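# Inside the fold
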Amino acid sequence: MKKIHYSWLICGAGTLLLFITMGTISNGFSVSLPYIMESYNLTHAQTSSLITLRCLVAFFAMLVVRIYYRKLSMRLGTAIAALFAAVSFLIYSMADSYLPFCIGAAVSGLSYGLGSMIPVSILMNTWFVKRKALSLSICSCGTGLATVILPPICTVLIENISLRASFIIEFFAILMGSSLIFLVIRDRPEDIGMTAYGTEKTGEADVADGADGAAESETDESEADVTAENKSDHALRTFSVKTWIMLGCVSLFMGGLANPGFSHLSVLYTDEGFPSMTVATLISICGVMLIAGKLLYGNTTDRLGGFKSSIIFGSILFAGNVLCCTASAGITAVCICSGILLGTGYAIATIGPSVWANDLVSPDSFASTVQKLQVIYAGGALLFSNLPGIIADISGSYIPAYIMFSACSGIAVVLLYLSYKQNRR
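The sections below set out a description of the structure shown in this document. Model, not experiment: these values are computed from the prediction. (Residues numbered from 1 in each chain as written. Predicted model: local features only at pLDDT ≥ 70, side-chain atom pairs only at ≥ 80, totals over all residues. Heavy atoms only, no water.)

### Quick notes on the packing of helix α5 (residues 74–94) against helix α9 (residues 163–184)
Note the threshold: Axis definition: a line fit to C-alpha positions, over the contact stretch in the case of helices; interaxial angles, taken between N-to-C directions, run 0 to 180 degrees. Helix numbers and strand numbers start at the N terminus; a helix is a DSSP run of H or I with at least 4 residues, a strand a run of E with at least 2. Angle categories: roughly parallel below 35 degrees, roughly antiparallel above 145, roughly perpendicular from 65 to 115, and oblique for all the rest. Three classes are used, and their members are as follows: Ala, Val, Leu, Ile, Met, Phe, Trp, Tyr, Cys and Pro are nonpolar, Asp, Glu, Lys and Arg are charged, and the others, Gly among them, are polar.
Orientation of α5 relative to α9, taken along the N-to-C sense of each, is 170°, at an axis distance of 8 Å. Classified by the angle between their axes, α5 and α9 sit roughly antiparallel to one another. The class makeup of the residues in the contact of α5 with α9 is 18 nonpolar, 3 polar and 3 charged.

Shown next, in the form of structure tokens:
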């Protein structure tokens, strides 16, 4: 029986890291917002400001994340990032007014900014020579798993025990997860006398089948055949100013759609009179479809290319936001359909920037392009974070906010189409 290469344990730890640093404090926490607002008499704007604070701190944390991991090892840095999430829930459990919730939200932003896809991408790049895309896809499913698992559990805990008890239990669970991350993660394969998955020395430890290995070998050989002249031409390929403006706007909108847009789903449907368990089910369905959507988006991109897959999934995201605008009708089936479409469509928000950069710029420009698009994405999350609450306080409903999100998703699809056309010209 073949042993599982240690790289896959690193992949599992990366999945757990994203489950904690993105899933619990963002997707999972959203189900608690209506209860926080009701229990502590917060306004819609105050409730939205918790998301604003988290996004603000996360934005600045992402700017210094490379310095953070230069000072600390990946092993210690990721464990501390996960611990910040635990501390935020401990603060929530002790909160009795608006201010402590703000402090907890700020601490959770540190976890999000320092423990998101950036360290996970570095780890997967270090530990995998082959199956890098697969390992990253598996890790990215951590956020979807949190969205599936946490809402129904938290809803049961809140309604049958208390909101405070739910936060305490989450604190201890995250604390154990942080310890597991520290125990498993190693910065480099050499630290434990191993080599990265897919190198010649992994031998029998590789779990890939022969056909896949042969396919990858053929790909490597074909890449080696590229002439120096072609490589030189390819290295010159980058975004034009016009394309940067259009894709920058798309990333900005995606940051708003996938963060405040998702986080306010629970308060949208709760305010429109849907039962709490229906809302929890909606969030869980979003999580299931988010996992499926990420895998499907990657597969569709491999088969049809980034242009067609992005237009398809962008359109699905647009349709999901449009259905949210019908929440006042109180139709459960439409509510569930919106969750299915949104969960599927959100895949483009997280994986899209890497796909677009891979399609439209040279390998030499890929890393810097992705980093810039991710910073813009985080800026979009920050820019839109407080708008739904402000709009709800003015209009008395979150539906106008989702009309805005629908418009943003529709414009994003058009700009994506134009970006690819512009780049081809």
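### With respect to the packing of aromatic side chains
Any pair of aromatic rings gets described here by the distance separating the centres and the angle formed by the planes. The line we're drawing: The rule is short: rings of Phe, Tyr and Trp, with Trp giving its six-membered ring, pair when the centres are within 6.5 Å, and they are stacked under 30 degrees, edge-to-face over 60, tilted in between. Here's how the labels work: a residue is buried when its accessible area is under 20% of the maximum for its type, exposed when over 50%, partly exposed in between, all with a 1.4 Å probe on protein chains only. In our convention, an over-ring charge means Lys NZ or Arg CZ found within 6 Å of a ring centre and within 35 degrees of that ring's normal.
On inspection of all chains with the given rule, the structure shows 20 aromatic pairs. Measuring from ring centre to ring centre gives 4.9 Å for Phe 29 and Tyr 92, while their planes differ by 15°; the resulting arrangement is stacked. Here Phe 29 is found in the loop between α1 (6–28) and α2 (33–39), whereas its partner Tyr 92 is found in helix α5, with 63 residues between them in sequence. Grouping residues by exposure puts Phe 29 and Tyr 92 together as buried. Aromatic rings pair up to connect Phe 29, Tyr 40, Phe 89, Tyr 92, Phe 101 and Phe 167 into one cluster. The lysine or arginine in question, Arg 75, covers the ring of Phe 182, its NZ or CZ lying 4.1 Å from the ring centre.

### Details of the nonpolar core
Heads up, the condition is: Note on terminology: a nonpolar core comprises buried Ala, Val, Leu, Ile, Met, Phe, Trp, Tyr and Cys residues joined through side-chain atoms within 4.5 Å. In what follows, residue pairs with any heavy atoms lying within 4.5 Å of each other are defined as contacts.
Membership of the largest hydrophobic core comes to 110 residues, with the highest contact counts inside it found for Met 254, Leu 265, Leu 268, Tyr 269 and Trp 356. For this core, the element with the highest residue contribution is α1, accounting for 11 residues. Look past the residues within four positions of Tyr 269 in its chain and what remains in contact with it is Phe 274, Val 279, Leu 282, Leu 323, Cys 324, Ala 327, Cys 335 and Ser 338.

### Some thoughts on α9
To be explicit about the condition: How far a helix is expected to stretch is found by multiplying one less than its residue total by 1.5 Å.
If you check α9, its first and last C-alpha atoms are 32 Å apart, about what 22 residues at 1.5 Å a residue would give, namely 32 Å. Taken together, the buried positions of α9 are Leu 163, Ala 165, Ser 166, Phe 167, Glu 170, Phe 171, Ile 174, Gly 177, Ser 178, Ile 181 and Val 184.

### Considerations on a nonpolar patch on the surface
The cut-off we apply is this: In this scheme, patches are assembled from residues that exceed 30% relative accessible area and form no salt bridge. Like charges are connected within 9 Å, while nonpolar side chains (Val, Leu, Ile, Met, Phe, Trp, Tyr) are connected within 5 Å. The accessible surface values rely on the Shrake-Rupley method and a 1.4 Å probe; as for residues, cover is taken only from the protein chains in view. Just to be clear on terms, a salt bridge is a Lys or Arg side-chain nitrogen sitting within 4 Å of an Asp or Glu carboxyl oxygen.
On the surface, a cluster of nonpolar side chains totalling about 430 Å² of accessible area is made up of Leu 56, Phe 60, Leu 63, Val 64 and Ile 67. The greatest single-element share of the nonpolar patch, amounting to 3 residues, is contributed by helix α3 (residues 44–63). Structurally, the position occupied by Ile 67 is in helix α4 (residues 65–71). For Ile 67, a relative accessible area of 43% translates into the label partly exposed.

### Comments concerning helix α18 (residues 347–360)
Counted only if it meets this: Take the seven residues that end at a residue and the seven that start at it, fit an axis to each, and the angle between those axes is the bend at that residue.
Along its 14 residues, α18 runs 19 Å from first to last C-alpha, staying within 8% of the 20 Å computed at 1.5 Å per residue. Maximum bend of α18: about 35°, positioned at Pro 353. With respect to burial, α18 is a largely interior element, 10 of its 14 residues being buried.

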